[in-house]
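# Descriptive analysis of the structure
The residues making up each chain are set out below.
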Amino acid sequence: MYLFMFLLLPLILAAWCFYKKDSHLIPVIFTGLVAAVLVCGFKAFFLYSHRIIPYSFESNVIFLLVRQTLIPVVLLYGIFFAWSKDEISYKVEALFPLLLSFYMLYLPYTIISTSEGLYTTFPLFVKPVIFMVMIFSLGLGAKHIEKTVRNKKILFTVIWICISLVSLVVPSLLETMYILDVNYLLVLILSALYSGALPVLFILSRFGVLTVNEK
């Protein structure tokens, strides 16, 4: 039952490493793993995992956004970006493996440490998928933001920033709908639409619809 949750992100990371064959990104993966161990250890020893869920859509969205996505993504990548002395292109390339290696440990911990609905399909199957989509979207967005900034295409930069922000927020919105018992079929449909948007983004960016040609 737990295999999909535990193996999805590690298998994607392994496939990505096999595809890239870039040893320069190994320290990035190690950094993500170490950060995940430290964060999970801190939460296990110093924070109480059980939470009384308020019947407030806004409160739950903010809580999930801050605890599961915003702080891990912004703080982890922000520290890495400031600490690394490498070129901008390397830092941008590092976003995807950094987040993937972090969430392959952090995400299962957040699911298992909260027992609400643990044996339902959302935390075991849907949640890992939408976080995978989020990581892919942020990695793609970072590359195109850097590319459009470099080519001084402000409109495309704004578009990709908006796409990245939406991809960051949607997992918290979907999980809030789930824990507040909003129609589960609707949650599944919206999750499928969110996941289906990723290949569309890849195709559009591939054909230059949402990006620019290099000079």
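Higher on the page you've got the structure.
These lines cover the structure that appears in this document, whether it is placed above or below. (Residues numbered from 1 in each chain as written. Predicted model: local features only at pLDDT ≥ 70, side-chain atom pairs only at ≥ 80, totals over all residues. Heavy atoms only, no water.)

### Points about the packing of helix α3 (residues 57-83) against helix α4 (residues 88-112)
Threshold: Only the stretch in contact is used when a helix axis is fitted, and all axes are lines through C-alpha atoms; the angle between N-to-C directions ranges over 0 to 180 degrees. Numbered from the N terminus, helices here are DSSP runs of H or I no shorter than four residues, and strands are runs of E no shorter than two. Angles below 35 degrees are treated as roughly parallel, those above 145 as roughly antiparallel, those between 65 and 115 as roughly perpendicular, and all remaining angles as oblique. Take the far helix as the reference: if the near one is turned anticlockwise from it by less than a right angle, the crossing is left-handed, and if turned clockwise, right-handed. Any two residues whose heavy atoms approach within 4.5 Å at even a single point are treated as in contact. Gly counts as polar in this scheme, as do all residues outside two lists: the nonpolar Ala, Val, Leu, Ile, Met, Phe, Trp, Tyr, Cys and Pro, and the charged Asp, Glu, Lys and Arg.
In contact at an axis separation of 10 Å, α3 and α4 are set at 140° when each is read in the N-to-C sense. Taken together, the axes of α3 and α4 are oblique relative to one another. In the crossing of α3 with α4, the sense of the turn from one axis to the other is right-handed. Residues Arg-67, Gln-68, Thr-69, Pro-72, Val-73, Leu-76, Tyr-77, Phe-80 and Phe-81 of α3 pack against Ile-88, Tyr-90, Lys-91, Val-92, Ala-94, Leu-95, Leu-98, Leu-99, Phe-102, Tyr-103 and Tyr-106 of α4. Among the residues making up the contact of α3 with α4, the classes are represented as 16 nonpolar, two polar and two charged.

### A short note on helix α7 (residues 184-206)
As a reminder, the rule being used: Given a helix with a known number of residues, its expected span is that number minus one, times 1.5 Å. Between buried and exposed lies partly exposed: a residue is buried under 20% and exposed over 50% of the maximum accessible area for its type, with that area taken using a 1.4 Å probe on protein chains only. Identification of polar contacts relies on pairs of N or O atoms within 3.5 Å, with a donor-acceptor requirement for protein atoms, meaning one able to donate a hydrogen and the other able to accept it, and with residues adjacent in sequence counted only if both atoms are side-chain atoms.
In this model, α7 (23 residues) spans 34 Å end to end at C-alpha, consistent with the 33 Å of a helix rising 1.5 Å per residue. Here α7 has its buried residues at Val-187, Ser-191, Tyr-194, Leu-198, Leu-201 and Ser-205. In the core, the buried residues of α7 are packed alongside α5 (121-150) and α6 (154-179). Two to three positions downstream of the cap, the backbone nitrogen of Leu-185 sits 3.0 Å from a side-chain oxygen, assigning the N-cap of α7 to Asn-183.

### Things to note about the side chain of Asn-60
Structurally, the position occupied by Asn-60 is in helix α3. For Asn-60, the contacting residues outside a window of four places in its chain are Arg-51, Ile-53, Pro-54, Thr-176, Ile-179 and Leu-180.

### Examining the pattern of salt bridges
Stated precisely, the cut-off is as follows: Any Lys or Arg side-chain nitrogen found within 4 Å of a carboxyl oxygen on Asp or Glu counts as a salt bridge.
Counted by the stated rule, this structure contains four salt bridges. Its salt-bridge partner being Lys-20, residue Glu-93 comes within 2.8 Å of it at the nearest N-O pair. With Glu-93 in helix α4 and Lys-20 in helix α1 (residues 3-20), the pair connects residues that are 73 residues apart, well separated along the chain. Glu-93 serves as the salt-bridge partner of Lys-143, at 3.7 Å between the closest nitrogen and oxygen. Taken together, the residues span a long stretch of sequence, with Lys-143 in helix α5 and Glu-93 in helix α4 at a distance of 50 residues.

### Let's talk about the packing of α4 against α5
Running from N to C, α4 and α5 point in directions that differ by 165°, and their axes come no closer than 9 Å. Classified by the angle their axes make, α4 and α5 are roughly antiparallel. Relative to α5, the crossing made by α4 is right-handed. Contact residues: Ile-88, Val-92, Glu-93, Leu-95, Phe-96, Leu-99, Leu-100, Tyr-103, Leu-107, Thr-110 and Ile-111 in α4; Pro-123, Lys-127, Pro-128, Phe-131, Met-134, Ile-135, Phe-136, Leu-138, Gly-139, Ala-142, Lys-143 and Glu-146 in α5.

### Some words on the packing of aromatic side chains
Condition: Pairing of aromatic side chains here covers Phe, Tyr and the six-membered ring of Trp, requires ring centres within 6.5 Å, and sorts the geometry by plane angle: under 30 degrees stacked, over 60 edge-to-face, intermediate tilted.
One pass over the full model with this rule turns up 13 aromatic pairs. For the ring pair Tyr-2 and Phe-6, a centre distance of 6.4 Å and an interplane angle of 65° mean the geometry is edge-to-face. Overall, the relative accessible area of 28% leaves Tyr-2 in the partly exposed class. Residue classification places Phe-6 among the partly exposed residues on the basis of a relative accessible area of 36%. Relative to Tyr-178, the ring of Phe-122 has its centre 4.6 Å away and its plane inclined at 10°; by these criteria the two rings are stacked.

### Thoughts on the state of the cysteines
Selection rule: Only a pair of cysteine sulfur atoms within 2.5 Å qualifies as a disulfide here.
Throughout the structure, instances matching the rule amount to zero disulfides. Looking at the unpaired Cys-40, the closest cysteine sulfur is the one in Cys-17, lying at 20 Å.

### Things to note about the nonpolar core
Put simply, the test is: Each nonpolar core is a collection of buried residues, namely Ala, Val, Leu, Ile, Met, Phe, Trp, Tyr and Cys, held together in the definition by side-chain atoms within 4.5 Å.
Of all hydrophobic cores here, the largest spans 50 residues; its most connected members are Leu-99, Tyr-103 and Met-134. Secondary-structure elements contributing two or more residues to this core are α1, α2 (26-46), α3, α4, α5, α6 and α7. If one sorts the elements of this core by residue count, α4 sits on top with 15 residues. In this structure, Met-134 is in contact with Thr-69, Val-73, Tyr-103, Ser-167, Leu-168, Pro-171 and Tyr-194, ignoring residues within four places of it in sequence. Formed by five residues, the second largest nonpolar core is a distinct cluster that contains Leu-140, Trp-160, Ile-163 and Leu-210.

### Some words on a nonpolar patch on the surface
Test applied: Patches were defined on residues exceeding 30% relative accessible area and lacking a salt bridge, with like-charge contacts within 9 Å and nonpolar side-chain contacts (Val, Leu, Ile, Met, Phe, Trp, Tyr) within 5 Å. Computed by Shrake-Rupley with a 1.4 Å probe, the accessible areas treat only the displayed protein chains as cover when residues are assessed.
The grouping of Leu-3, Phe-6, Leu-7, Leu-11 and Ile-112 at the surface amounts to a nonpolar patch, some 480 Å² of accessible area in total. If you tally residues by element for the nonpolar patch, the top one is α1, at four residues. By the secondary structure assignment, Leu-11 is in helix α1. On the accessibility criterion, Leu-11 (55% relative accessible area) is exposed.

Any link to function would need more than the numbers given here.
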